[in-house]
Amino acid sequence: MGFEQVIGQKDVQERLLQLVEELRLPHALMLCGPTGAGKMALAMAFAAYLLNRTANDKAMLAKWEHPDLHFTYPTIKLSSMSADHKPVSDDFARQWHEMVMEGPYFTMNEWLEMMGGENQQAIITAGESDALTHKLSLKSSQGGYKVSLIWLPERMNIECANKILKLLEEPPQQTVFLLVCEEPDKLLETIRSRVQRVDVKRIADEDIRLALIERRGLNEETAQRVTRMANGSWLKALELLSTDSENELFLDMFQTLMRLAYQRRVKDLKAWSERIAAMGRERQKRFLNYFLRLIRENFVYNFQNPDLCYMSQREEEFAKNFARFINEANVIPISELVNKAIRDIGQNANAKIVFFDMALQMIVLLIQK
């Protein structure tokens, strides 16, 4: 993989290459930015560039099996693991390899599914820092750089973070650390002070539009619509293209709730709440965030300004008849209701009660004008 696989971000690419050309490459870089901006794609391309400066590396890098490239990523505890085992990246090396071979754009949800723990909290353990310290203590097998690529370092537990800090304070010879971070404020201040931060902004709309046409074969009209909805995120663009997108399910759930609430079918609303309560909590929170977006889009739809709306064709078709029910009188109360549900679900409240209560309140809110 090279920089040609990165969507846009030419300015960041040039900055990274300039650091090498001017012999100013720091021992630790941290790429920060919003989800879907291509931080991991940039980090992987830059790692390949650094490692490919020595001979006979292209074949290994094509399969992401270079002996001097060390991936670190959040993991989960499987039931098959012993009680005292601290999960490390090597425990999931096969699943990780399968995912990165598909491409450098992926989400934590996709990674959790690959590991088989969609409803678990993935972290980077102290066992990982011990394993990484051992790997980096060895000499470079190819005589060039050793690259430690850490995906989502903000998920390190405190014991791991303190050990990684020691590595950053006294880096092994010829080692470059590349940290890919989405929530830098969650990192130890001492770690943030030991790395050079590179901010990666949202991808330019034109870069996404061209990529959709050239790489995905979309026509101009569809590419324009997807680009506007993607809002600078290639991951969001890919999600919108997926025929089995989770958003399709969420739209169906949203439509069903609104229709049942309007018809005041309490018994069916109870069945609806039980259906969504059967989903995992992470998916429930994603649905509620999707719900908030559609409420906002339907409210804005009433202003009849296409430049302000960001909806798929199916969402817009539903909005033609539904948008009039979201107005100045209820848009804020509905948003507050959903935000409260997000908070309750995050605090492990009973999902059936949370969603049934939300559904019942929607009966009243929909008739406010």
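Before reading on, note that the structure itself is shown above.
A brief look at the structure comes next. Remember, predicted model here, so these are calculated numbers, not experimental data. (Residues numbered from 1 in each chain as written. Predicted model: local features only at pLDDT ≥ 70, side-chain atom pairs only at ≥ 80, totals over all residues. Heavy atoms only, no water.)

## Some details on the packing of helix α16 (residues 331-346) against helix α17 (residues 351-365)
Thought 1: In the contact formed by α16 and α17, the axes pass within 10 Å of each other and the chain directions differ by 175 degrees. Put simply, α16 runs roughly antiparallel to α17. Counted together, P333, I334, L337, V338, A341, D344 and I345 of α16 and A351, V354, F355, M358, Q361, M362 and L365 of α17 form the full contact between these two elements.
Thought 2: When the residues that make up the contact of α16 with α17 are grouped by side-chain class, the tally is twelve nonpolar, one polar and one charged. (Axes fitted to C-alpha atoms, helices over the stretch in contact; angles between N-to-C directions. Helix = DSSP H or I, 4+ residues; strand = E, 2+ residues; numbered from the N terminus. Parallel < 35°, antiparallel > 145°, perpendicular 65-115°, else oblique. Contact = heavy atoms within 4.5 Å. Nonpolar A, V, L, I, M, F, W, Y, C, P; charged D, E, K, R; others polar.)

## Side note on the state of the cysteines
Thought 1: With the rule as written, the count across this model stands at zero disulfides.
Thought 2: Just so you know, C160 is unpaired, no disulfide at all, and the nearest cysteine sulfur is the one on C181, 13 Å from it.
Thought 3: With no disulfide of its own, C181 lies 4.8 Å from the sulfur of C32, the closest cysteine sulfur.
Thought 4: Classification of C181 as buried rests on a relative accessible area of 0%. (Disulfide = S-S within 2.5 Å. Buried < 20%, exposed > 50% of the residue type's maximum accessible area, 1.4 Å probe, protein only.)

## A closer look at the pattern of salt bridges
Thought 1: Enumeration over the complete set of coordinates arrives at 24 salt bridges.
Thought 2: Among the ionic pairs, E316 bridges to R225, the shortest N-O distance being 3.1 Å. Here the residue E316 occupies a position in helix α15 (residues 313-322), and R225 occupies one in helix α10 (residues 220-230), the gap between them amounting to 91 residues.
Thought 3: Residue E316 is classed as partly exposed on the basis of its relative accessible area of 26%.
Thought 4: E297 is paired through a salt bridge with R296; the nearest N and O atoms lie 2.8 Å apart.
Thought 5: Of the residues examined, E297 reaches a relative accessible area of 4% and is grouped as buried.
Thought 6: Through salt bridges with shared partners, a single ionic network connects K86, D130, E159 and K163. (Salt bridge = Lys/Arg side-chain N within 4 Å of Asp/Glu carboxyl O.)

## Section: the environment of L178
Thought 1: Checked against the element boundaries, L178 lands in strand β4 (residues 175-181).
Thought 2: The spacing of L178 and G217 is 39 residues in sequence and 33 Å in space, taken between C-alpha atoms.
Thought 3: If near-sequence neighbours (up to four positions away) are discounted, L178 is found in contact with L29, A43, F46, A47, V147, S148, L149 and I150.

## Some details on the packing of aromatic side chains
Each aromatic ring pair is described using two quantities: the centre-to-centre distance and the angle formed by the ring planes.
Thought 1: Considering all chains together, one arrives at 22 aromatic pairs under this definition.
Thought 2: Cluster of aromatic residues (ring-pair linked, three or more members): F250, F254, Y262, W272, F287, Y290, F291, F318, F322, F325 and F355. (Phe/Tyr/Trp six-rings, centres within 6.5 Å; stacked < 30°, edge-to-face > 60°.)

## As for the packing of helix α14 (residues 281-301) against α16
Thought 1: Contact geometry of α14 with α16 gives a least axis separation of 10 Å together with a crossing angle of 170 degrees. Looking at the two axes, α14 sits roughly antiparallel to α16. Along its contact with α14, which presents R281, Q284, K285, L288, N289, F291, L292, I295 and F299, the element α16 presents V331, I334, S335, V338, N339, A341, I342, I345 and G346.

## Details of the sheet that holds strand β1 (residues 28-32)
Thought 1: Read across the sheet, five strands follow the order β2-β3-β4-β1-β5 without closing on themselves; strand pairing throughout is parallel. The outermost strands of the open sheet, each flanked by one partner alone, are β2 (69-72) and β5 (196-199). Neighbour-to-neighbour, the strand axes of the sheet open up by a mean angle of 20 degrees, direction not taken into account.
Thought 2: Inspection of the sheet shows strand β3 (residues 146-151) paired to β4 by six bridges, in the parallel sense. When the bridges of β4 are listed, K146 appears paired with T175. (Pairing = 2+ DSSP bridges.)

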